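Architecture at a glance
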Amino acid sequence: MALLIYTFIITVAWPVLMSFLHGLFQHFDKECKDPSWKMHHEIQKMREIALVYLDRSGGLQKFVHDCKKYNDSKQSYAVYRFIISINPSDIAELDATLGNYILHNPIQAAQIFQSVCFIAIKTLSLIEQLQTEAQISILLKPTHLPPLPSYVLSLSAFPFNHTSQRFYMSEGIAIAMGMVTKYTQGARFLCTEETCPFSEGFRYIRVHLPGATESATVRNDFVCSLCSSPLQEDMKFRVLGDKQIVEMIDAKVLNALKGYSNDKSHFRIQTFTVFLRDELANKMKIGNHYKIIGIPACVQNGLQATACIEVNSVQLCKPNGPSFVSDNFKYLLSLTSSSCWRFTAILANIFASQVVPPGTYNTLKLAILLSLVQTCEKENADYLDLLIVTSDTLVIDRLLNYSICLLPRGIRHPPSSEIFPSVSKDKHGTGSASIHACSAVLAKGGICYIGDLSSYKKDKLELLQSVLESRTTTVFIPGKKYGEEADQQVTISVQTNFWSFVDVDSSSKKHIQKDNFLIGQMDVSLIPPNLLDVFGLLIYREFPSCQPSSLVHHILKKAINPEAMLYKVSQQFRMQDYEEFILFAKNLHVELSSEAENLIQGYYLASRRVRRDSIHGSTLSASALKILISLSKAHTKLSLRKKVLEEDALIAILLLESSLTLKHGKSALCIAPNPVFPFDLSDENSLQQRDSYLMQCHHQLLKFIGAYGPGIHTNANEE
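Here goes a summary of the coordinates provided. Predicted model only: the values in this text are computed from it and were never measured.

For the protein chain, the count of helices and strands is 23 helices and 23 strands. Taking all 719 residues of the protein chain together, the buried fraction comes to 52%. Across the protein chain, every contact between residues at least 6 apart in sequence was considered, and the portion connecting residues at least 24 apart equals 74%. When the accessible surface of the protein chain is split by element, carbon and sulfur atoms take 54% of a total near 34100 Å².

Moving on: the sheet that holds strand β11 (residues 386-390). Two modes of strand pairing occur in sheets, parallel and antiparallel, and in both the strands are linked by backbone hydrogen bonds. A sheet is described by the order of its strands in space; here five strands give the open sequence β12-β15-β18-β11-β19, paired in parallel fashion. Where the open sheet ends on each side, the last strands, each with one partner, are β12 (410-412) and β19 (537-540). On average, each strand axis in the sheet is tilted by 20° relative to the strand beside it, whichever way the strands run.

Here we come to the packing of helix α20 (residues 594-610) against helix α23 (residues 684-708). One way to put it is that α20 packs onto α23 with a least axis distance of 9 Å and a crossing angle of 60°. Looking at the two axes, α20 sits oblique to α23. Here the hand of the crossing between α20 and α23 comes out left-handed. From α20, Leu599, Gly602, Tyr603, Leu605, Ala606, Ser607, Arg609 and Val610 reach across to α23, where they touch His698, Leu701, Leu702, Phe704, Ile705 and Tyr708. Per-class residue counts for the contact of α20 with α23 are ten nonpolar, three polar and one charged.

Throughout the structure, instances matching the rule amount to five cavities of 30 Å³ or more. What lines the largest cavity is Asp533, Gly536, Thr619, Leu620, Ser621, Ala624, Ile627, Leu656, Leu660, Lys663 and His664. When contributions to the lining of the largest cavity are tallied by element, the ones reaching two or more residues are α21 (624-638) and α22 (646-664). The dominant element in the lining of the largest cavity, judged by the number of residues it contributes, is α22, at four residues.

Our next topic: the environment of Pro414. Relative to the helices and strands, Pro414 is located in the loop between β12 and β13 (422-425). Spatially, the C-alpha atom of Pro414 lies 7.8 Å from that of Ile450, the residues being 36 residues apart in sequence.

Two side chains carrying opposite charge are able to pair once their charged atoms lie near each other. Enumeration according to the criterion identifies 20 salt bridges in this entry. The salt bridge involving Arg238 is made with Glu233; its shortest N-O contact spans 2.7 Å. Across the salt bridge formed by Asp577 and Arg574, the nearest N and O atoms sit 3.1 Å from each other. The structure contains a network of salt bridges with shared partners spanning Arg81, Lys141, Asp278 and Glu279.

Put simply, helix α10 (residues 342-350) and helix α11 (residues 362-373) touch, their axes get as near as 8 Å, and they point 110° apart. By the angle class used here, α10 and α11 are roughly perpendicular. Residues Thr344, Leu347, Ala348 and Asn349 of α10 touch α11, and the partners they reach there are Asn362, Lys365, Leu366 and Leu369. Broken down by class, the residue content of the contact of α10 with α11 amounts to four nonpolar, three polar and one charged.

Here the focus is the layout of surface pockets. Reported here for the largest pocket is a volume of approximately 1400 Å³. Along the wall of the largest pocket there are 50 residues; nearest its centre are Cys376, Glu377, Lys378, Lys444 and Gln495. Among the elements that take part in the lining of the largest pocket, strand β17 (residues 488-493) stands out by supplying four residues, more than any other. A per-class count over the lining of the largest pocket returns 21 nonpolar, 17 polar and twelve charged. What the second largest pocket holds in volume is close to 690 Å³. Lining the second largest pocket are 31 residues, with Ser137, Ile138, Val207, His208 and Leu209 sitting closest to its centre. Elements supplying a minimum of two residues to the lining of the second largest pocket: α6 (106-124), β2 (136-142), β4 (181-191), β5 (204-207) and β10 (304-316). Its residues placed into classes, the lining of the second largest pocket shows 18 nonpolar, six polar and seven charged.

This model, assessed by the stated rule, comprises zero disulfides. Free of any disulfide, Cys438 has its nearest neighbouring cysteine sulfur in Cys448, separated by 9.8 Å.

Our focus in this paragraph is unusual backbone geometry. Here the phi dihedral of Tyr361 falls at roughly 55°; this positive angle occurs in a residue that is not glycine. On the secondary structure map, Tyr361 appears in the loop between α10 and α11. On the accessibility criterion, Tyr361 (0% relative accessible area) is buried. The backbone of Arg471 shows a phi angle near 60°, a positive value even though the residue is not glycine. Residue position: Arg471 is located in the loop between α14 (458-470) and β16 (472-477).

Further remarks concern the environment of Ser500. Its location among the elements puts Ser500 in strand β18 (residues 497-503). Each C-alpha atom, one on Ser500 and one on Leu387, is 5.0 Å from the other, the two residues being 113 residues apart in sequence. For Ser500, the contacting residues outside a window of four places in its chain are Leu386, Leu387, Ile388, Ile450, Gly451, Asp452, Leu453 and Phe535.

Quick look at the side chain of Arg342 now. Relative to the elements of secondary structure, Arg342 occurs in helix α10. Engagement of the side chain of Arg342 in a polar contact is seen with the side chain of Asp691, the distance being 2.7 Å. The contacts of Arg342, once residues within four sequence positions are left out, are Thr336, Glu684, Leu687, Gln688 and Asp691.

Enumeration according to the criterion identifies 19 aromatic pairs in this entry. Ring geometry for Phe351 versus Tyr578: centroids 5.2 Å apart, planes at 65°, classification edge-to-face. Residue Phe351 is found in the loop between α10 and α11, and its partner Tyr578 is found in helix α19 (residues 575-586); the two are separated by 227 residues along the sequence. Accessibility assignment for this pair places Phe351 and Tyr578 in one class, buried. Among the aromatic residues, ring-to-ring pairing joins Phe329, Phe343, Phe351, Tyr402, Phe573, Tyr578 and Phe581 into one connected group. Across from the ring centre of Phe237, 4.7 Å away, lies the NZ or CZ of Arg188, which sits over that ring. Directly above the aromatic system of Phe677 lies the positively charged group of Arg690, at a separation of 4.7 Å from the ring centroid.

Taking 1.5 Å of rise per residue, 19 residues should cover 27 Å, and α6 covers 26 Å from first to last C-alpha, within 8% of that figure. Burial of α6 is extensive: 15 of the 19 residues sit out of reach of the surface. Just beyond α6, the residue with positive phi is Ser125, at close to 55°.

On to the pairing of β16, then. Side chains Thr473, Val475 and Ile477 project from β16 onto a buried face, and the interleaved Thr472, Thr474 and Phe476 project onto a face without burial. Judged from the six bridges that link them, β16 and β17 form a sheet pairing that is antiparallel. Residue Ile477 lies in a different strand from β17, and its bridge partner there is Gln488.

Another aspect to go through is α22. End to end, α22 covers 26 Å across 19 residues, agreeing with the expected 27 Å (1.5 Å per residue, within 8%). Along α22, 15 of the 19 residues are buried, which leaves the element largely enclosed by surrounding structure. Positive phi shows up at Gly665, right after α22, with a value of about 95°.

About the cut-offs
Residues numbered from 1 in each chain as written. Predicted model: local features only at pLDDT ≥ 70, side-chain atom pairs only at ≥ 80, totals over all residues. Heavy atoms only, no water. Helix = DSSP H or I, 4+ residues; strand = E, 2+ residues; numbered from the N terminus. Buried < 20%, exposed > 50% of the residue type's maximum accessible area, 1.4 Å probe, protein only. Contact = heavy atoms within 4.5 Å. Areas by Shrake-Rupley, 256 points an atom, 1.4 Å probe, with all protein chains shown as cover. Pairing = 2+ DSSP bridges. Axes fitted to C-alpha atoms, helices over the stretch in contact; angles between N-to-C directions. Parallel < 35°, antiparallel > 145°, perpendicular 65-115°, else oblique. Left-handed = near helix turned anticlockwise from the far one by under 90°. Nonpolar A, V, L, I, M, F, W, Y, C, P; charged D, E, K, R; others polar. 1 Å grid on protein atoms, 1.4 Å probe; cavity = no way out; pocket = protein on both sides within 12 Å on 5 of 7 lines; lining within 4 Å. Points joined across faces, edges and corners; volume = space filled by probe spheres on them. Salt bridge = Lys/Arg side-chain N within 4 Å of Asp/Glu carboxyl O. Disulfide = S-S within 2.5 Å. Polar contact = N/O pair within 3.5 Å; in protein donor to acceptor, adjacent residues only side chain to side chain. Phe/Tyr/Trp six-rings, centres within 6.5 Å; stacked < 30°, edge-to-face > 60°. Lys NZ or Arg CZ within 6 Å of the ring centre and 35° of its normal. Expected span 1.5 Å × (residues − 1).

Set out below in structure tokens:
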């Protein structure tokens, strides 16, 4: 039916409308010789071009469809709202004057389309209930803006140009979101003088404009232009829409929230307010990076003026990783192609040479690299959290600070703020609740480094455990406090890896150590056992394999000259090279091979059997299998491969077994204290020696699976 109507309009009615407007244009062209009519001449021409654009762009069909919905309802409205999508490039090619008018005078340009739509509706009888042009509300939505600096509104630059009511493009991160509330989209007013012609009909229609407050649309001091009598709103014709207030901030704030940065530039950062209305409400998610197009305005709230943007379109910005790695990494990869283990071993050995000497903390540095490449913003991603047990808190803190700067979203959590989202009253006078993003949400798709875990209280640790288990957090909003009829719960996804450490020296002073430890087990009783289990890896920082004096010399030299390059590898593999490498590796899509999957499953089932006690059953948590898969995929990405091999699974198993040994003591697998880096990596022979050792570990693992794995009779319910 809609297709038939559209065909009729195109073939019969639309030419009539075009002829009518063209005749009207010719009339103005002949009669309006006065220069004061020049503007009318231009406007009439732009109306004709607007009609042609609607016809060519397909906006006509959508307009007819929207009119049909209004007409079928048989109900009179104060305001009939239409959204018109505008492609600035196409309309500028059609008519440069109209294109310029839309970009720089969007409110006045909407009135041109308002006139065209009103004539179309009346000429073609599309909405029988419509009476006046004022009842039509047009929202122009540009698909994009010209890629020129004058169309970009910098949120960190001064001054903030809020006086020019034209379209701007801007980018930012949503850091606070209010609840969806109602606003007056349009209202009908009538003259209170009964004998006045405007005491009925739809002469006085108030419509919301960008930047206008509620009192600008609806108040009680309007007067009739004919008889000067007061106007009164006809409440039954008030049209309500949805409104959501969002606080955004320039993405540069992420650099300020990192613990370490080479960027010495200074910049000003402040939040700004955006208004999402009607179909755009709930289009943003807290913590995401968006590109918006809108009109800046200044909203007065009492004595306080707030710069804001009325948003017309919202587009999610997805980070694009580089499609390359540096030549030095490519060369290193080709040199180590004979072994699946050497490339990642050398990466870990030389990593962060600006912070610690090469060859120190290799297991920890490998775990850091694995966690870095296992970051993404996808739902149900493979996360890899790290908990480090150490007494060298200064060195570990510097190493972790340096590492989070390799990602666009590496956040060091400030102890004075909240890790997870909180709720407070909206500061714009609505009285509703506003949810604020905190460190974990801002680190979406990256790393949230929360510092010393032993410094947090019990309730914070319980909340952290809950988030690590479900990767979501729930914000409770009491309805009575925030003007709602009922309480609400908002669930927010937390898509980040968490890093933390435990200072063994300080924690040992806070509690009495236990005596009944198993072989290889560490005293981490200060941390709740369930929280330990949900962390992907528990790592005990090993002593530097080189002489301890080399670390001391490194620290002293860097203290004297922080910019000094102490090692040749620091020049060959710069921080920028590692940033590009990690962004490339993390975007690789990898798949498990059947051999790797069998090895992981065999180890998991065998470990569940040997790691058990008579009271609690198996001490191996259900999340261990996910951690194994995540570690295996991470090692594959770090190796710049797309297929998870048995060699990747072996490294994952050794890292997890070492972590389980620290938590629960040694098992029948009985690995060495530092199984992934048992030797100093100083030359080709040491790499060959390590390969031979890992082959022995692989053989030992197969024997372990054969002895305790699924081949032996097991209880199906238990497994």
